[in-house]
Structures are given as C-alpha cells and as structure tokens.
Amino acid sequence: MSSTFLRYIAQRVVQCILVIFIGITITFLVPRFSPTDPVEAAVNRAMMMGQYSHPDAVRMMKEALTKMYGLDGTLGQQYIRFWKGLLSGDLGPSLSSFPKPVMSLIRTSLPWTAGLLLVSAIISWTVGNLLGCLAGYFGNQRWSQVIGMIAMALHPIPYYIMAFVLLVALAYVIPVFPIGGAVDIGLKPSLGWIYISSLLRHAFLPALSLVLIGVGGWFIGMRTLVTNVVAEDYVTYAKYAGVSDRTIMYQYVMKNALLPQITGLAMQIGLIFNGALITEYVFSYPGLGYLAYNAIFTGDYSLIMGVAIFSIVGVSLAVLLIDLAYPLFDPRVKYQ
Amino acid sequence: MRSLVRIIADLYRYDGRCRFGFTVILLIVIFALLSFISPYDPGYSYYAAPNMPPSRQHFFGTTSRGQDVFWLMTFAVRNSLTFGVTTALLSRIIAVFVGLTAGYKGGMVDRIMMVINDSFVVLPVLPLLILINFIMKGVMTLFRLAVIISLFGWPWDARLIRSQVLSLKEREFTFTSRFSGSRTSRVLLTEHLPFVMPIILSTTINNLLWAIGMEVTLAVLGLSNISIPTIGTTIYWANQHQALISGVWWWLAAPVGISVLLFIALYLLVVGLGEYLDPRTRLQRMKGVLSDERA
C-alpha cells in the first residue's frame, strides 16, 4: 500500500461522493425552480377524474401534498430534510400505488435493471474488445473490414430505435420472442429449467439490443488502440525475437490497449444505463426504466424523484467499483 | 475558417465513408427544406383519407389522423435538425469555455473544473432529463428542451478540448504571444481556438447525433412538446394510435428509417473526421500510400 495508491483511492471516493452530491442537488433544485408546480399538477390530475371536490378538500389536498413532497419551509430546511430522508432510505409513498413506499417499488425493480445492465455490458465489452484486438492486430483483413462496417452501421443508432426495430422484427413479424415482461405470467421464481429458460427468453431481446449497440463502440475503439500499440518498438522487437503472434497479442498488446477501455467503461456506464432504461420501456421489462415510464404515465412525482436519485447513486457506485478495480490491471497505480 | 473548408473538401475527396455521410445528410437536408413548399400545414389533420398505404398520391402513406406522412416528415426532420443544431451550438459554448480555460489556466482552476466536468460525464442524464421534463411538461417548448439538454451535453467535449490546449500552451507561439503582452482571452481566442476548431467540429457533429437521439427518447415517453412534429413525436403519435397493431406500419417506418439513415451518416462523418484528425492514423495512412506507390 503505497501513498500514491492510497491517494488514488481517496481521489476516486471523493469524486464518487461529488457526483452523488451534484446529481442529488440537481434533483432537489429542479422542482423548486421550475415554472410549474408538482403539487398543482397532481391536484389538477386528481380533479380531472371528473368528481366534484369541495374547495376545502382541495386546499387540504394541496397542503398534504406539499408536506409529502417536502416543499414546505425555507429552501435550506427543505434541503436538509431532503438529505435526511435520503440517508435514512425514506423517499416517501408512491402516489400511483399508494401507500406503497417508493423505496419498496425501487427495490423490486432494481435487480432487473442491474442484471440486464451487467450482463449486456460485460458481453458487449468482452466481445467488442476481443474482436477489436484481433482486427487491429491482424490489420486489414476482409472479415475485420466487414465487422467494422457492421459496427459503424449499428453503433450510432439510438437505443430506443434499436430496441423498437428488434421488437417489431423478432416479436411481431417473426414471433420467436415474447413481446414483453421478464418471465411468463404466473411463474414462481425457482432454479428449475422452466423458470430459467423463460427468464432467458424474455431477457434475450432487451440484452441483444444493448449488446448490438455496445459491441460496435468497443470494437472501433479497441481496433484503433491496438493498431497504435502494434506500431510501438517493443512489439517489433518481440516479433524479431521470435515470440509467437498469440503471445504478443494477448500478453503484450492487449494488456496495454485494454487500460483505456477499462477507464472508458467507467465513463460510459452512465450512457449504457440510459440505454437500459429506454430498452426496458420498449420491452416492458420490469426494471427502473419501466417503473419510470409508469410513473410518468400516472403522474407519480415522488416515484420519478426516487428513480432519478437511485439511478445517480447506483451509477456512481458502479463507476467507483470499476475505478477501484483498475489498479488490478494497471500496476503503475500501485507501485509508482 | 478557410482551413475548415479545406478539411471538409479533403475528407470528401479521400474518405469513402465521409462521402457517403455527406451525400445522405445533404439529401436529408433537402428533404427537410421541402417543408417550405409543403401543400399541407403540419398542425392540420384529416385533410386526407386516414390509414392509406404508400401510393403515388401519398408517397409515404397517410396517418390514422389523416395526415400525409411524407409532408409531415419534412417538418419533423426540419424541427429535429434545428433542435439538434441548436443544442449542439449551445453546449459548444460551455464546452469551449471550460475546455480552453481549464487547459490554459491549469493548476487549481483546472483541477476544480475537471472534477466538476468528470462528475457530469458520469452522471446518468436520462433519469434527470425525465425528471426535469416531467415537471415542466406543460410549459416545454423545443427551444427550452434544447437549452436543458445542452446543459448536460458538454463535459466529454470540454475534456477533449482541454487536452488539446494542454499541449498547445507549451508551444513556442504561445510564449511569444504572451511575452508580447497579449491578454489570456486574446491568446485563447486568436491563437488556440483556430487549432482546436477541427476537434470542435467533430464534437459538434457527435453532439448533434446525441441530442437528436435524446429528443427521440424523451418524445417517445411523451415528455417533449408533442404538438410539434419531430422525429420523436411522430413515433409517439404512431404509438399512441397503435400504428403497428392496426397495420399502419408506414407511419413508423418513415421516422425510423430516416433517423437510422441520419444517425449512420452523421456517425460516419465523425469517424472519418476523427481518423483524419488523429496524427497517428494519419501517419499510417501516409505510410500505406507510400508503400502502395513503391509497389
């Protein structure tokens, strides 16, 4: 444990705390400085149901909502109360599935998002980097050009469009995959084949749409990195010394070229997370994205707040984890 | 400015991908410009028979609200492009300011700016935008959306610009300029800005792509101004009318197809430009040309 290593870790932790702080402060400030009032909006929504409400009842409803949303008192008081609530894990009740707390709704959907995100990120990162490394190392071969072209055509497509096209193609036109959900309705979680196969079948298209977009980016990045590393003197030297291509590629080239890609993964987790949210909405996959969509649809302000806050905390922690794992791959951080 | 034009001309000549990108984007811009001679107002509906498949009278068919998809799309693409360009330009102002200042000032200013910059890089933008747009739902205009999205679209590019300035400020001409008494702002704007211009161009295209994609995402969730036709809101209305289930596929195919073309074209431009700007790949390309000549 050298001092540079400790400083590295301290820096990352501070950065992580700062991201959470900035993000949460934005979520705090937005509703308070917006030209519209969430309380007013919720009341209007309730009035639109068509029932006659007594003015006193409306006033009481407004007061109750103001209190529930934490919008009473001065800005400073609100801010402190906001953080207190967060740190004790209390995000208030959800309006659309009252009186269920927002926390419990998030807790049930978080594993789905985390699973989808984790699996697709790992697959696309590994596949993209492996292919990119091969393509960069062996130069301009036919197959690497073909993959490069496909990658360039798929990578820029927005997550929503990709997910939507896959849904139409493989669930409507050729119905091989289910159009939505996470498992067949009525199945109880178990370790049996029926449950797992249903799980995989439902997760396939959402994961595929994330992977198809992800692979391209990693592939293109890695190919450029490897072509640059291959031009270095030490690689030429190893070649003249008779080291086999395999060893050079995996031991010498890939190891060096992977480092920026690990940092890249940390920086892009947020983007991939955005993609996962919108993909879930398209496939009605019961994660945070689907929860957010339902919250928009039902006008559930506190639930949207909860999803935003949890996304910020979750993504920042994921970034911190990758950053902390980085020294395992780059010994320079440890021994400088 | 003239060098910028030359870069674009070079790219068009030597890079097949860029040529493809340029051509497609030009076609899409022409398509968008057609909106000025549209026979129909995009706000009107039921002026044509609803749910008609593509025909000679209606090239892309008609919607379930009796609108001509072809002419509707000309407005949608125009609005989406305008929106993307506005967002990209607005976020460029922040990116250039942060990048130039942090890179040139260095020290504490740089460190503080970069810590904030990195926080914005990692922040998951979509949930925040969903929150903001949900709260401002009734008062959202396309311009307001552009301002909001541009507030989140700068950090990647600021970092890139900063890294360029870091190397520029160690060059001879920077010292010459500074010792002859130029103010910081003058050094930055007249000496360094021209050098980072190509990178700004490349990040602008990238940002444009991102912004248009973000608008599609938010509009699909019903969080944009759904009364203005854009690529995103067209998809939103098609979904609202269950276009897929009722078999009105052309209503969805038009926006999806055009946006896919647009995204690929823009991306090819970014990639081509990126390779052109990277001195290492440039060197390799020159080597390739040389060895070809020898053979």
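Source: prediction; values computed, not measured.

A. Structural context of the overall build of chain A. Looking only at helices and strands, one finds 13 helices and 0 strands in chain A. In sequence order, the secondary structure elements of chain A are arranged as α-α-α-α-α-α-α-α-α-α-α-α-α. Summarising its shape, the C-alpha atoms of chain A cover approximately 90 × 55 × 40 Å along the three principal directions. Taken across its 336 residues, chain A has 46% of its residues classed as buried. Considering only intrachain contacts with a sequence separation of at least 6, the fraction spanning at least 24 residues in chain A is 74%. If you sum the accessible surface of chain A, you get close to 17100 Å²; carbon and sulfur atoms cover 69% of it.

B. Representation of unusual backbone geometry in the model. Residues and elements named next belong to chain B. Despite not being glycine, Tyr46 has its phi angle at roughly 60°, a positive value. Assignment of secondary structure puts Tyr46 in the loop between helix H2 (16-33) and helix H3 (69-105). For Asn51, which is not glycine, the phi torsion reads 60° and is therefore positive. Its location among the elements puts Asn51 in the loop between H2 and H3.

C. Broad picture of a nonpolar patch on the surface. Taken together, A:Tyr172, A:Val173, A:Ile174, A:Val176, A:Ile179 and B:Ile245 make up a surface patch of nonpolar side chains, about 590 Å² in accessible area. For A:Ile174, the position within the fold is in the loop between helix H7 (159-173) and helix H8 (193-230).

D. Quick look at the packing of aromatic side chains. Here the structure, examined in full by the defined rule, presents 22 aromatic pairs over all chains. When the ring of B:Phe31 is compared with that of B:Phe70, the centres are 5.2 Å apart and the planes differ by 85°; the resulting orientation is edge-to-face. With a gap of 39 residues between them, B:Phe31 in helix H2 and B:Phe70 in helix H3 connect regions that are remote in the sequence. Judged by its relative accessible area of 13%, B:Phe31 falls in the buried class. Considering the side-chain rings of B:Phe59 and B:Phe70, the 5.2 Å spacing of their centres and the 75° angle between planes classify their relative orientation as edge-to-face. Taken together, the residues span a long stretch of sequence, with B:Phe59 in the loop between H2 and H3 and B:Phe70 in helix H3 at a distance of 11 residues. Note on B:Phe59: relative accessible area 47%, which makes it partly exposed. Looking at B:Phe70, the relative accessible area reads 11%, which means it is buried. One aromatic cluster is present, built from ring pairs that chain together A:Tyr160, A:Phe164, A:Tyr281, A:Tyr293 and A:Phe297.

E. Representation of the interface of chain A and chain B in the model. If you look at the interface, chain A gives 52 residues, while chain B gives 52 residues. Summed over both partners, the interface of chain A with chain B comes to about 4400 Å²; 81% of that surface belongs to carbon and sulfur atoms. It is A:Met152, A:Met267 and A:Ile296 in chain A that bury the most area against chain B; as a group they hold 14% of the surface buried on that side. Between chain A and chain B we count 0 salt bridges in total. At the junction of chain A and chain B, the tally comes to 4 residue pairs in polar contact (both at pLDDT 80 or more). Every element with two or more residues in the side of chain A that touches chain B is listed here: helix H1 (3-33), helix H6 (142-154), H7, H8, helix H10 (245-282), helix H11 (288-298) and helix H12 (301-329) of chain A. Per-element tally for the side of chain A that touches chain B: the top contributor is H10(A), with 10 residues. Taken together, the residues of the side of chain A that touches chain B break down into 37 nonpolar, 14 polar and 1 charged.

F. How the structure looks around the environment of A:Leu110. All names here are of chain A. Within the secondary structure layout, Leu110 lies in helix H5 (residues 102-137). Given the relative accessible area of 31%, Leu110 is considered partly exposed. Linking Leu110 and Gly289, residues 179 residues apart in sequence, is a C-alpha distance of 9.6 Å. The residues touching Leu110, leaving out its near neighbours within four places in the chain, are Leu288 and Phe310.

G. Molecular detail of helix H4 (residues 107-122) of chain B. Taking 1.5 Å per residue, 16 residues should reach 22 Å; H4(B) reaches 23 Å between its end C-alpha atoms and fits that length. On its buried face, H4(B) is in contact with H1, H10 and H12 of chain A together with H3 and helix H7 (155-168) of chain B.

H. Molecular detail of the confidence of the model for chain A. Confidence in the prediction for chain A averages 86 pLDDT; 98% of positions are at 70 or higher. Between the elements of chain A, mean pLDDT differs from a low of 70, seen in helix H13 (residues 332-335) of chain A, to a high of 92, seen in H5(A).

I. Main features of the packing of H10(A) against helix H5 (residues 125-135) of chain B. Between H10(A) and H5(B), whose axes approach to 7 Å, the crossing angle comes to 55°. Here H10(A) is positioned oblique relative to H5(B), judged by the angle of their axes. For the pair H10(A) and H5(B), contact is made by A:Phe273, A:Asn274, A:Leu277 and A:Ile278 and by B:Val125, B:Leu126 and B:Pro127, respectively. Taken together, the residues of the contact of H10(A) with H5(B) break down into 6 nonpolar, 1 polar and no charged.

J. Broad picture of the pattern of salt bridges. Across all of its chains, the model carries 7 salt bridges over all chains by this definition. Of the charged contacts, one joins A:Asp323 and A:Arg12 as a salt bridge, the two residues approaching to 3.7 Å between their closest N and O atoms. Taken together, the residues A:Asp323 in helix H12 and A:Arg12 in helix H1 connect sequence positions 311 residues apart. Among the residues examined, A:Asp323 registers a relative accessible area of 12% and is labelled buried. With its nearest N and O atoms 2.7 Å apart, the salt bridge here joins B:Asp110 to B:Arg162. Of the two residues, B:Asp110 sits in helix H4 while B:Arg162 sits in helix H7, which places them 52 residues apart along the sequence. This pair shows no difference in class: B:Asp110 is buried, exactly as B:Arg162 is. Sharing partners across several salt bridges, the network here consists of A:Asp56, A:Arg59 and A:Glu63.

The rules behind each value
- Residues numbered from 1 in each chain as written.
- Chains lettered and ligands numbered in written order.
- Predicted model: local features only at pLDDT ≥ 70, side-chain atom pairs only at ≥ 80, totals over all residues.
- Heavy atoms only, no water.
- Helix = DSSP H or I, 4+ residues; strand = E, 2+ residues; numbered from the N terminus.
- Buried < 20%, exposed > 50% of the residue type's maximum accessible area, 1.4 Å probe, protein only.
- Contact = heavy atoms within 4.5 Å.
- Areas by Shrake-Rupley, 256 points an atom, 1.4 Å probe, with all protein chains shown as cover.
- Patch = residues over 30% accessible without salt bridge, like charges linked within 9 Å, V, L, I, M, F, W, Y side chains within 5 Å.
- Salt bridge = Lys/Arg side-chain N within 4 Å of Asp/Glu carboxyl O.
- Phe/Tyr/Trp six-rings, centres within 6.5 Å; stacked < 30°, edge-to-face > 60°.
- Buried area = accessible area lost by both parts, 1.4 Å probe.
- Polar contact = N/O pair within 3.5 Å; in protein donor to acceptor, adjacent residues only side chain to side chain.
- Nonpolar A, V, L, I, M, F, W, Y, C, P; charged D, E, K, R; others polar.
- Expected span 1.5 Å × (residues − 1).
- pLDDT = per-residue confidence, 0-100.
- Axes fitted to C-alpha atoms, helices over the stretch in contact; angles between N-to-C directions.
- Parallel < 35°, antiparallel > 145°, perpendicular 65-115°, else oblique.

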